[in-house]
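Chain residues, written in single-letter form:
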Amino acid sequence: MAKEFKRIGILTSGGDAPGMNAAVRAVTRYALKQGLEVYGIYEGYKGLIEGKGSIKKFSPRDVANIIEKGGTALYSARCVEFKEEAGLQRAIEVCREFQIDGIIAIGGDGTFRGASDLCKRGIPCIGIPATIDNDITCTDRSIGFDTAMNTVVEAIDRLRDTCESHARCNVVEVMGRNAGYIALETSIAVGATGVVVKEDLNYQEDALIEKIRVARAAGKRNFIVVVAEGVDHYSEGLAKRIEAETGVETKFARLAHIVRGGSPSLADRLLAAQMGVAAVDALLAGKQNVFICQRDGDMVATDIQEAIATDKMYKNSFDSSVKYPEEALKAYSAERIAEMKEFCAMRTKEVQALLTISENISNYQ
Ligand code: F6P
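Trainee: Quick question: what am I supposed to make of the sheet that holds strand β7 (residues 194-196) here?
Mentor: Adjacent strands of a sheet pair through backbone hydrogen bonds, lying either parallel or antiparallel. Read from one edge to the other, the open sheet built from four strands follows the order β7-β8-β6-β9, with strand pairing classed as parallel. Only two strands of the sheet have a single neighbouring strand rather than two, namely β7 and β9 (250-254). This sheet shows a mean twist of 15° between the axes of neighbouring strands, independent of strand direction. Direction of pairing for β7 relative to strand β8 (residues 223-228): parallel, over a ladder of three bridges. In the strand pairing of β8, Gly 194 is matched with Val 225. Helix-sheet contacts for helix α8 (residues 235-246) involve β6 (169-174), β7, β8 and β9, and the interaxial angle to β9 is about 170°.

Okay, structure coming up:
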């Protein structure tokens, strides 16, 4: 064990995700086993600013019986003060007060930005990606994504039953503000007629409506169209237009936060355990300002700033509201930038492959 770490803090921040508790448990149990003291910080960065009353020394028993629970037992909160220098300085003071010499922060990109700010001010942090949206480009999967998709599949299977009975269409909006992974993968799993995600630059509403018209004429009774919430103000209007133009009665359902709750799947619990252990190991190995990514089954510590730049680079390729990270890229060599571009191209290829599968297996004729 590296000598410099005696006491670490653990927190969850941003939108909760099933499997966060399994990650808290893994980090706590493994860190204790490594001889560290572990302090649970409640309500994310808000608790870190509040200090006393929001921070508790953990024993192995404090994380018992949470592995199967959804949400986060450490709670989460949005914290605007933490974005200001005064808030960050207060958080640093609290770390000194509690002698917390490292933090493991579980959440999405906002959580990692906060962790990075703490690192710059002398508190080493390691991130663990947990968000149902799977919108962190550098990791293959984030904790919570698998469970959320299973919940979506269950909900849509139910909608399909009633659509079939009544010969209806159902447009279903699922979460995914900055990425359409939930919509894309579940659309394939439920046998949807169509899927709408920002990533699909070739999407044509007319073609989707025509597909429904043709399939209805051929006798198909039920239709499911999955839309990612990131396609702004679109899904409800689409339901109306499908009904108006095809004559197929069309209902609209927004699954929203239902998809964020619930007991984590096996895959999410396993990922949480792997990432939790890898995060403690990374901290003890002297790493900081990184988060744990899953790449082809391996756990890889990835630089937070580089991951944020890569994320923007990728999202800019299909969403012009995401600014290309021109400034941030100045910190990297031409060779590194080429590798980042190649990585983004690989993600685009993966998404395109899924879109092609979705299209190829949804024709009714
Ligand atoms: O980040 C995950 C996410 O579920 C998004 O898909 C969604 O837009 C957002 O959280 C909702 O956040 P809130 O809980 O603040 O409404």
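Trainee: Explain the site of the ligand to me, please; I cannot follow it from the model alone.
Mentor: Arg 78, Ile 132, Asp 133, Met 175, Gly 176, Arg 177, Glu 229, His 257 and Arg 260 make up every residue found near the ligand. A distance of 2.8 Å separates an oxygen atom of the ligand from a polar atom in the side chain of Asp 133. Between the ligand and Glu 229, the relevant distance is 2.7 Å, taken from an oxygen atom to a side-chain nitrogen or oxygen of the residue. For the ligand, the accessible surface in isolation is 400 Å², of which the surrounding protein chains cover 76%. Along the lines of polarity and charge, the residues of the shell around the ligand split into two nonpolar, two polar and five charged.

Trainee: When you look at the nonpolar core in this model, what are you seeing that I'm missing?
Mentor: One recurring pattern in soluble globular proteins is that nonpolar side chains are buried together. Within the largest apolar cluster, 72 residues are counted, with the highest numbers of intra-cluster contacts made by Ile 104 and Ile 224. With nine residues, helix α9 (residues 266-284) is the largest single contributor of residues to this core. If we skip the residues at most four places from it in the chain, Ile 104 touches Ile 8, Gly 9, Ile 10, Leu 11, Val 27, Ile 126, Ile 128, Ala 279, Val 280 and Leu 283. Listed in part, the 32 residues of the second largest apolar core include Tyr 39, Leu 48, Ala 115 and Cys 138.

Trainee: Teacher, can you tell me more about the packing of aromatic side chains here?
Mentor: Aromatic ring pairs are defined here through the distance separating the ring centres and the angle between the ring planes. Tallied over the entire structure, the rule returns eight aromatic pairs. With a centroid separation of 6.3 Å and an interplanar angle of 70°, the aromatic rings of Tyr 39 and Phe 98 are classed as edge-to-face. One end of the pair, Tyr 39, is in strand β2 (residues 37-41); the other, Phe 98, is in helix α3 (residues 85-98), and 59 residues separate them in sequence. This pair shows no difference in class: Tyr 39 is buried, exactly as Phe 98 is. Geometrically, the ring pair formed by Tyr 203 and Tyr 234 is edge-to-face, given 6.1 Å between the ring centres and 90° between the ring planes. Within this pair, whereas Tyr 203 is found in the loop between β7 and α7 (205-217), its partner Tyr 234 is found in the loop between β8 and α8, the two being separated by 31 residues in sequence. A residue is classified by how much of its surface remains accessible, and Tyr 203, at 23% relative accessible area, is partly exposed. Through pairs of rings, three or more aromatic residues link up here, namely Tyr 42, Phe 58 and Tyr 75. When the ring centre of Phe 223 is taken as reference, the NZ or CZ atom of Lys 220 above it lies at 5.5 Å.

Trainee: What's the story with the packing of α7 against α8 in this structure? I'm lost.
Mentor: Packed helices, taken two at a time, are described by the angle their axes make and the gap between the axes. At their nearest, the axes of α7 and α8 sit 10 Å apart, and the two run at 50° to each other. With respect to their mutual orientation, α7 and α8 come out oblique. Regarding α7 and α8, the two cross each other, and that crossing is right-handed. Listed contacts from α8 to Glu 205, Leu 208, Ile 209, Ile 212 and Arg 213 of α7 are Leu 238, Arg 241, Ile 242, Glu 245 and Thr 246. The residue makeup of the contact of α7 with α8, split by class, is five nonpolar, one polar and four charged.

Trainee: What exactly am I supposed to notice about unusual backbone geometry here?
Mentor: Excluding glycine, residues mostly carry a negative phi; peptide bonds, for their part, are mostly trans. We note that Tyr 75 has phi near 60°; this positive angle belongs to a residue other than glycine. Following the sequence through the fold, Tyr 75 ends up in the loop between β3 (55-58) and α3. For Tyr 75, a relative accessible area of 49% puts it in the partly exposed group.

Trainee: Just checking my understanding: could you explain α9 for this structure?
Mentor: What sets the pattern is the α-helix's 3.6 residues per turn: residues three or four places apart point alike. Here α9 is 19 residues long and its end C-alpha atoms lie 27 Å apart, about the 27 Å a rise of 1.5 Å per residue gives. Listed in full, the buried residues belonging to α9 are Asp 268, Leu 271, Ala 272, Met 275, Gly 276, Ala 278, Ala 279, Val 280, Ala 282, Leu 283 and Leu 284. A positive backbone phi angle near 90° is found at Gly 286, which sits one or two residues after α9.

Trainee: Just checking my understanding: could you explain the side chain of Thr 139 for this structure?
Mentor: Along the chain, Thr 139 falls in the loop between β5 (125-129) and α5 (145-166). Every residue in contact with Thr 139, bar those within four places of it in the chain, is listed here: Pro 129, Asn 134, Met 275, Cys 293, Gln 294 and Arg 347.

Trainee: What exactly am I supposed to notice about the state of the cysteines here?
Mentor: Any covalent bond linking the sulfur atoms of two cysteines counts as a disulfide. What the rule picks out here adds up to zero disulfides. Left unpaired, Cys 138 is separated from the closest cysteine sulfur, that of Cys 293, by 5.5 Å.

Trainee: Any chance you could explain the pairing of strand β11 (residues 298-303) here in plain terms?
Mentor: It is a general feature of regular strands that their side chains alternate between the two faces of the sheet. Of the strand pairs in this sheet, strand β10 (residues 290-295) and β11 are connected by six bridges, and their pairing is antiparallel. Across the sheet, the residue bridging to Gln 294 is Met 299, located in β11. Hairpin connection from β10 to β11: two residues lie between these consecutive antiparallel strands, with Asp 296 at a positive phi of about 50°.

Cut-off values and rules
- Residues numbered from 1 in each chain as written.
- Predicted model: local features only at pLDDT ≥ 70, side-chain atom pairs only at ≥ 80, totals over all residues.
- Heavy atoms only, no water.
- Pairing = 2+ DSSP bridges.
- Helix = DSSP H or I, 4+ residues; strand = E, 2+ residues; numbered from the N terminus.
- Axes fitted to C-alpha atoms, helices over the stretch in contact; angles between N-to-C directions.
- Contact = heavy atoms within 4.5 Å.
- Near = heavy atom within 4 Å.
- Polar contact = N/O pair within 3.5 Å; in protein donor to acceptor, adjacent residues only side chain to side chain.
- Areas by Shrake-Rupley, 256 points an atom, 1.4 Å probe, with all protein chains shown as cover.
- Nonpolar A, V, L, I, M, F, W, Y, C, P; charged D, E, K, R; others polar.
- Core = buried A, V, L, I, M, F, W, Y, C linked by side-chain atoms within 4.5 Å.
- Buried < 20%, exposed > 50% of the residue type's maximum accessible area, 1.4 Å probe, protein only.
- Phe/Tyr/Trp six-rings, centres within 6.5 Å; stacked < 30°, edge-to-face > 60°.
- Lys NZ or Arg CZ within 6 Å of the ring centre and 35° of its normal.
- Parallel < 35°, antiparallel > 145°, perpendicular 65-115°, else oblique.
- Left-handed = near helix turned anticlockwise from the far one by under 90°.
- Expected span 1.5 Å × (residues − 1).
- Disulfide = S-S within 2.5 Å.

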